[in-house]
Amino acid sequence: PEGDIAYTAVVADTKANFADEFNVMDTVSVQPMVDVTDPDPVDVSTDVQYAKAGAPVVLTAIFDDLTGGLLDENDPLAPIVTIQGRAPESVVVSGLTVTVSTTIAFGDPEVALVFSIEPMDLTDINRGVSTALTGDNVMFIDNTPPAIVSCTPDIKYAKAGDEVTLTLQYADFSGELEASPD
C-alpha cells in the first residue's frame, strides 16, 4: 500500500535475550514512504481566455502528490511540456505548481489551447500528465478580426445636417468585442 513504511522488529542476541518490540521507523531521521501514484492535476488555468498571435500566455498547473513536490526545471527528469506542439519559453516548478510561459505563434490554428504538462514527482518514478484546463477555465487562440454581419441606419433618407445612427452587428470567434466611436 501507499504511504509511510511501518514495521516492527524483535531483536535477540545469541543467548536468547529478547529486546522489546519496537517500530524500526521510529529510529530513522528521514521517514521513508511508498508512492506508486502519479502526480494528479487539481487546478490547471491560464491568465487569459483569448490570445492572438504574438500574445503572451501563462499556464499554471497545480498537482497533488503524496511526495509533496515535483522535480524542478533544472533536474534531468524535469517536467516535459509542450504548448501547441512546441516547447514553451519557460517552465518553473515550485513545490507542486508548474508555471509555463509561452507566446502564441503566427500560424497557430484557432482552437482551444493544446498543451501537455508531464511532471515527475520526487520519487523519480511517477510521472503525471495534464492536457486539459480544469473547471470553467478556457483558453482559445483567436487570430481572426470580427466580421460585419449587418449595418442598419435609423432612417432611410437623410439630408445634409441630419444625424444618422448606424447599428452595426458583428460576429466574432470570441464572442467579445471592444468598440470605439472612431
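The notes below deal with the structure included here. Note that the structure is predicted; figures quoted are calculated from it, not measured. (Residues numbered from 1 in each chain as written. Predicted model: local features only at pLDDT ≥ 70, side-chain atom pairs only at ≥ 80, totals over all residues. Heavy atoms only, no water.)

**A closer look at the overall build of the chain**
Convention followed: For helices the rule is a DSSP run of H or I covering at least 4 residues; for strands it is a run of E covering at least 2, with both sets numbered from the N terminus onward. Note on exposure labels: buried denotes an accessible area under 20% of the residue type's maximum, exposed denotes more than 50%, and partly exposed covers the range between, all computed with a 1.4 Å probe on protein chains only. For the accessible areas, the method is Shrake-Rupley and the probe is 1.4 Å, while residue cover comes only from the protein chains on display.
Summing up its helical and strand segments, the chain has zero helices and 14 strands in all. Helices (α) and strands (β) of the chain occur, in sequence order from the N terminus, as β-β-β-β-β-β-β-β-β-β-β-β-β-β. Residues counted as buried form 27% of the 182 residues belonging to the chain. Accessible surface, the chain: about 11700 Å² in total, of which carbon and sulfur atoms supply 55%.

**Regarding the nonpolar core**
This is how the line gets drawn: Residues grouped as a nonpolar core are buried Ala, Val, Leu, Ile, Met, Phe, Trp, Tyr and Cys residues, joined through side-chain atoms within 4.5 Å. Only heavy atoms matter for contacts: two residues are in contact if any of them lie within 4.5 Å across the pair.
If you look at the biggest cluster of nonpolar residues, it comprises 21 residues, and the most contacted ones within it are L59, V98, V100, I104, F115, I117 and M139. Only β7 (56-64), β8 (80-83), β9 (90-94), β10 (97-103) and β11 (115-118) provide two or more residues apiece to this core. Per-element tally for this core: the top contributor is β7, with four residues. Among all residues touching V98, those that are not within four sequence positions of it are L59, T60, A61, F63, L70, V91, V92, V93, I117 and P119.

**Some points on unusual backbone geometry**
Positive phi, normally seen in glycine, also occurs at Q84, with a value near 55°. One can find Q84 in the loop between β8 and β9. Accessibility expressed as a relative area gives 14% for Q84, which makes it buried.

**A few points about the side chain of D65**
Inclusion rule: When charges are counted, neither His nor the chain ends are considered; positive counts come from Lys and Arg and negative counts from Asp and Glu. What makes a salt bridge here is a side-chain nitrogen of Lys or Arg within 4 Å of a carboxyl oxygen of Asp or Glu, nothing more.
Inspection of the secondary structure puts D65 in the loop between β7 and β8. One buried charged residue, D65, forms no salt bridge at all, with the nearest opposite charge on R127 at 12 Å.

**Let's talk about the packing of aromatic side chains**
To describe a pair of aromatic rings, you give the distance between the ring centres and the angle between the ring planes. Going by this rule: Only rings of Phe, Tyr and Trp enter the pairing, Trp through its six-membered ring, and a pair is recorded when the two centres are within 6.5 Å. The plane angle decides the type: under 30 degrees is stacked, over 60 is edge-to-face, the rest tilted.
The full count for this structure, using the stated rule, is one aromatic pair. With a centroid separation of 6.0 Å and an interplanar angle of 25°, the aromatic rings of Y50 and F140 are classed as stacked. Here Y50, found in strand β6 (residues 50-51), pairs with F140, found in strand β12 (residues 140-141); they are 90 residues apart in sequence, far enough to count as distant. Using a relative accessible area of 26% as the deciding quantity, one classes Y50 as partly exposed. The class of F140 is partly exposed, set by a relative accessible area of 27%.

**Quick word on the pattern of salt bridges**
Counting across every chain of the model gives two salt bridges. Among the ionic pairs, K159 bridges to D162, the shortest N-O distance being 3.5 Å. A relative accessible area of 35% places D162 in the partly exposed class.

**Topic: the environment of V58**
Here V58 shows up in strand β7. Among the residues examined, V58 registers a relative accessible area of 28% and is labelled partly exposed. In sequence terms V58 and V48 are 10 residues apart; their C-alpha atoms lie 7.9 Å from each other. Setting aside its immediate chain neighbours within four residues, V58 contacts S45, T46, D47, T99, V100 and S101.

**Remarks on the sheet that holds strand β5 (residues 40-46)**
Test applied: Should DSSP find at least two bridges between two strands, the strands are taken to pair. All axes here are fitted lines through C-alpha atoms, helices being fitted over the stretch that makes contact, and every angle between N-to-C directions spans 0 to 180 degrees.
Strand order across the open sheet formed by four strands is β5-β7-β10-β9, with antiparallel pairing between neighbours. Unpaired on one side and paired on the other, β5 and β9 mark the two borders of the sheet. In this sheet, neighbouring strand axes are inclined to one another by 15° on average, regardless of whether the strands run parallel or antiparallel. Sheet analysis places β7 next to β10, joined by seven bridges and oriented antiparallel. Looking at β10, one finds that V57 is bridged to T102.

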